[in-house]
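Structural characterization, general
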Number of protein chains: 2
Amino acid sequence: MNTLDINLIRFVKHFRIGSFDTDYSGKVKMTSICNYLQEIAGMHAEALNWGINDLMKQDLSWVLSRLKIKVFKYPQWKDNLRIETWPTGIEGLFGNREFKIVNEEGTLLMIASSSWLIINIKSKRPVRPHEIIKNDEFENAEKLFEQSISKIKPIKLGKLRESIKVHYSDIDINQHVNNVKYIKWIIDSCPKDVLYNKEIEEMELNFLHEAKFGDQLIVNAQSKSENEMQFSIQNQKSNIENCRAILNWK
Amino acid sequence: MNTLDINLIRFVKHFRIGSFDTDYSGKVKMTSICNYLQEIAGMHAEALNWGINDLMKQDLSWVLSRLKIKVFKYPQWKDNLRIETWPTGIEGLFGNREFKIVNEEGTLLMIASSSWLIINIKSKRPVRPHEIIKNDEFENAEKLFEQSISKIKPIKLGKLRESIKVHYSDIDINQHVNNVKYIKWIIDSCPKDVLYNKEIEEMELNFLHEAKFGDQLIVNAQSKSENEMQFSIQNQKSNIENCRAILNWK
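Residues numbered from 1 in each chain as written. Chains lettered and ligands numbered in written order. Predicted model: local features only at pLDDT ≥ 70, side-chain atom pairs only at ≥ 80, totals over all residues. Heavy atoms only, no water.

It is worth spelling out the interface of chain A and chain B at this point. Contacts between the two partners involve 37 residues from chain A, matched on the other side by 37 residues from chain B. Buried surface at the junction of chain A and chain B, summed over both partners, amounts to about 3500 Å²; 53% is from carbon and sulfur atoms. Three residues, Phe 20, Glu 39 and Tyr 168 of chain A, lead the burial of chain A against chain B; their summed loss comes to 20% of the area buried on that side. At the surface where chain A touches chain B, the tally comes to 6 salt bridges. At the boundary of chain A with chain B, the tally comes to 23 residue pairs in polar contact (both at pLDDT 80 or more). Those elements giving two or more residues to the side of chain A that touches chain B turn out to be β1 (11-16), α2 (30-47), β7 (159-165), α4 (179-188) and α5 (192-197) of chain A. Of all the elements, α2 of chain A adds the most residues to the side of chain A that touches chain B, at 5 residues. In terms of residue class, the side of chain A that touches chain B is made up of 13 nonpolar, 10 polar and 14 charged. (Contact = heavy atoms within 4.5 Å. Buried area = accessible area lost by both parts, 1.4 Å probe. Salt bridge = Lys/Arg side-chain N within 4 Å of Asp/Glu carboxyl O. Polar contact = N/O pair within 3.5 Å; in protein donor to acceptor, adjacent residues only side chain to side chain. Helix = DSSP H or I, 4+ residues; strand = E, 2+ residues; numbered from the N terminus. Nonpolar A, V, L, I, M, F, W, Y, C, P; charged D, E, K, R; others polar.)

Listed below in structure tokens is the structure:
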């Protein structure tokens with residue numbers, strides 16, 4: 001690390017959990033947490049001059065490719081969160097970024113790790129991030145998980161859970177389904193007794209292919225063990241896979 | 001008006017529009033605006049000692065019954081909003097409340113009016129709000145619309161638009177579908193060419209009956225004129241109507 005200002009190395013934003021961010025029990029929804037993470041990743045990239053607006057000038061954009069979250073304690077409606085994020089450098093084509101979520105008392109609530117691709121928005125192909133990111137400034141940065149986020153293996157025998165039509169409210173400014181919507185559909189496809197009696201302890205996602213307005217998608221799921229479920233979202237017509245995920249419950 | 005502190009008479013909160021609050025064009029979603037309104041109504045009620053937590057001690061709760069929003073200008077991603085709210089007293093069984101949304105430059109973006117019922121959460125029946133609210137402090141408060149929010153007439157010939165299953169993510173801390181979800185389903189049921197070429201200028205909603213986890217609902221719609229559509233959401237099995245709405249486009 002050299003001349004970068006500490007505010008640029010680590011970016012911090014506070015969020016107050018609104019009633020609309022919480023579930024039936026007043027506990028924060030994972031989708032709201034993921035919204036916050038995407039938002040501050042974008043804000044920090046902007047502060048570092050790698051923001052979407054900067055990249056767009058070269059027909060490039062950031063796309064979230066992998067995400068892993070571990071929950072120690074769920075915050076509730078009205079709680080104030082402090083979320084910290086920092087890049088951890090380049091790994092292959094991925095630009096990696098970590099997140100730490102603490103409450104007002106400083107208790108560690110969640111940690112998250114993410115891998116992003118820089119894609120050419122015309123060809124949809126990833127480009128080498130090395131020209132955009134000065135990697136040497138970040139490569140010794142703290143990593144929160146022991147291992148990089150893995151490529152999730154395909155589901156062999158998927159059971160049909162849900163049929164999804166992509167609507168207006170699912171589309172973001174990149175003109176495709178926002179990543180957080182896959183997380184919503186995956187969690188919503190779980191049985192009520194799991195959702196009402198257990199909590200997600202760990203969540204790992206691979207975002208594989210974009211979906212568009214009007215697409216018909218299918219959520220498949222498979223129980224791996226009592227507290228582990230694996231998911232796949234794919235296009236009903238083309239069978240192209242949009243997203244794979246593993247959820248661990250406690 | 002007498003001894004009430006000005007901070008209690010008018011309640012103000014600022015919101016920064018996140019990327020997750022915006023649509024394909026970077027414009028704020030009406031659902032996010034409605035989330036903000038519900039949130040500050042709750043915060044203000046709490047400051048006035050009529051909050052849900054206070055009412056729950058008597059087995060009572062606030063339920064949003066009618067909502068009307070007029071849009072002058074849509075804010076965008078990253079804009080900071082100042083939202084102001086104040087009660088306008090009791091009208092029949094309704095406790096009424098107004099909202100004003102301005103941007104950082106002070107430009108008026110939206111106005112809204114709402115009618116709430118106090119219900120007994122066991123019997124689900126409304127109770128007279130007069131014992132809870134000191135009406136004389138608010139009855140001369142500023143009203144933003146010329147007329148009270150009306151009772152919307154039933155749709156005669158509805159066309160089936162969408163079939164909805166109520167999921168985990170739709171349920172709020174009152175253990176039923178949050179009002180904003182009806183707004184999401186109504187807007188999502190509109191044709192793409194309307195959603196991509198027009199903007200909602202005015203929206204009026206009557207919330208009639210609660211829906212629960214697992215319910216199957218239907219969204220019906222009817223065009224009243226080129227720029228006016230009417231909607232009804234009802235339970236597929238019981239035909240009980242959950243919500244009626246009118247949207248005006250420009």
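Once that is clear, we can look at the nonpolar core. With 130 residues, the main nonpolar core has Ile 69 and Met 110 of chain A together with Ile 69 and Met 110 of chain B as its most contacted residues. Setting aside its immediate chain neighbours within four residues, Ile 69 of chain A contacts Met 30, Cys 34, Leu 37, Met 110, Ile 111, Ala 112, Phe 145, Glu 201, Glu 202 and Met 203 of chain A. (Core = buried A, V, L, I, M, F, W, Y, C linked by side-chain atoms within 4.5 Å. Buried < 20%, exposed > 50% of the residue type's maximum accessible area, 1.4 Å probe, protein only.)

Residue and element names in this part refer to chain B. Extensive coverage of strand β3 (residues 80-91) is indicated by the burial of 9 of its 12 residues. Relative to β3, strand β1 (residues 11-16) runs antiparallel, the two being bridged by 6 bridges. Note that in β3 the partner of Val 12 across the bridge is Glu 84. Where β3 folds back on strand β4 (residues 94-103), the antiparallel hairpin that results is connected by 2 residues, among which Gly 92 adopts a positive phi of roughly 65 degrees. (Pairing = 2+ DSSP bridges.)

A word on the domain arrangement of chain A. Residues and elements named next belong to chain A. Per the domain assignment, the segments making up chain A are domain 1 (6-137) and domain 2 (159-249). Centre-to-centre separation of domain 1 and domain 2, based on C-alpha positions: 20 Å. With 21 residues of domain 1 at the interface, the matching set in domain 2 holds 21 residues. Contact between domain 1 and domain 2 buries roughly 1800 Å² in total, counting both sides, with carbon and sulfur atoms accounting for 51%. Across the domain 1-domain 2 interface, the total number found is 4 salt bridges. As a salt-bridge pair, Lys 68 and Glu 202 come within 3.9 Å of each other at their nearest N and O atoms. Counting the contacts that link domain 1 with domain 2 gives 9 residue pairs in polar contact (both at pLDDT 80 or more). Those elements giving two or more residues to the side of domain 1 that touches domain 2 turn out to be α2, α3 (52-56) and β2 (60-71). When its residues are assigned to classes, the side of domain 1 that touches domain 2 shows 11 nonpolar, 5 polar and 5 charged. (Domains from an automatic or database assignment.)

All names here are of chain A. Contact geometry for α2 and α4: axes closest at 9 Å, N-to-C directions at 165 degrees. The orientation of α2 relative to α4 falls into the category roughly antiparallel. In the crossing of α2 with α4, the sense of the turn from one axis to the other is right-handed. Along its contact with α2, which presents Met 30, Thr 31, Cys 34, Asn 35 and Gln 38, the element α4 presents Asn 179, Val 180, Ile 183, Lys 184 and Ile 187. (Axes fitted to C-alpha atoms, helices over the stretch in contact; angles between N-to-C directions. Parallel < 35°, antiparallel > 145°, perpendicular 65-115°, else oblique. Left-handed = near helix turned anticlockwise from the far one by under 90°.)

Take chain A, turn it by 180 degrees, move it 0.0 Å along the axis, and it overlays chain B with an RMSD of 0.0 Å. Taken together, the rotation and translation relating the two chain copies correspond to the operation of a two-fold axis. (Least-squares fit on C-alpha atoms with pLDDT ≥ 70 in both.)

On a regular strand, one side chain projects to one face of the sheet and the next to the other, so that they alternate. Residues and elements named next belong to chain B. Across the 10 residues that make up β4, a large majority, 9, are buried. Sheet topology places β3 next to β4; 10 bridges connect them, and they run antiparallel. Counted as the bridge partner of Ile 90 is Gly 95 from β4. Pairing analysis gives 8 bridges linking β4 to strand β5 (residues 108-120), with the strands arranged antiparallel. Note that in β5 the partner of Glu 98 across the bridge is Ser 113.

With that settled, consider α4 of chain A. Residues and elements named next belong to chain A. Judged by how many residues are buried, α4 sits mostly within the fold: 10 of 10 residues are covered. For α4, the complete set of buried residues consists of Asn 179, Val 180, Lys 181, Tyr 182, Ile 183, Lys 184, Trp 185, Ile 186, Ile 187 and Asp 188. Put simply, Asn 178 is the residue that caps the front of α4, since its side-chain oxygen is 3.0 Å from the backbone nitrogen of Val 180.

In this section: unusual backbone geometry. One non-glycine residue, Lys 78 of chain A, lies in the positive phi region at around 80 degrees. Positionally, Lys 78 of chain A belongs in the loop between β2 and β3 (80-91).

With that settled, the discussion passes to the side chain of Asn 178 of chain B. All names here are of chain B. Along the chain, Asn 178 falls in the loop between β7 (159-165) and α4 (179-188). Relative accessible area serves as the criterion here: at 14%, Asn 178 is assigned to the buried category. Side chain to side chain, Asn 178 and Gln 38 meet in a polar contact 3.2 Å long. Contacts of Asn 178, omitting those with residues within four sequence positions, involve Gln 38, Asp 170 and Asp 172.

Summed over the entire model, instances satisfying the criterion amount to 34 salt bridges over all chains. Salt-bridge contacts for Arg 82 of chain A lead to Glu 84 of chain A; the nearest nitrogen and oxygen are separated by 2.8 Å. Judged by its relative accessible area of 32%, Arg 82 of chain A is partly exposed. One salt bridge in this structure joins Asp 188 of chain B and Lys 184 of chain B, with 3.3 Å as the shortest N-O distance. Pair noted here: Asp 188 of chain B and Lys 184 of chain B are both in helix α4, with a separation of 4 residues, about one helical turn. On the basis of relative accessibility, which here comes to 6%, the residue Asp 188 of chain B falls in the buried class. Among the charged side chains, a network of salt bridges with common partners joins Arg 10, Arg 82, Glu 84, Lys 100 and Glu 142 of chain A.

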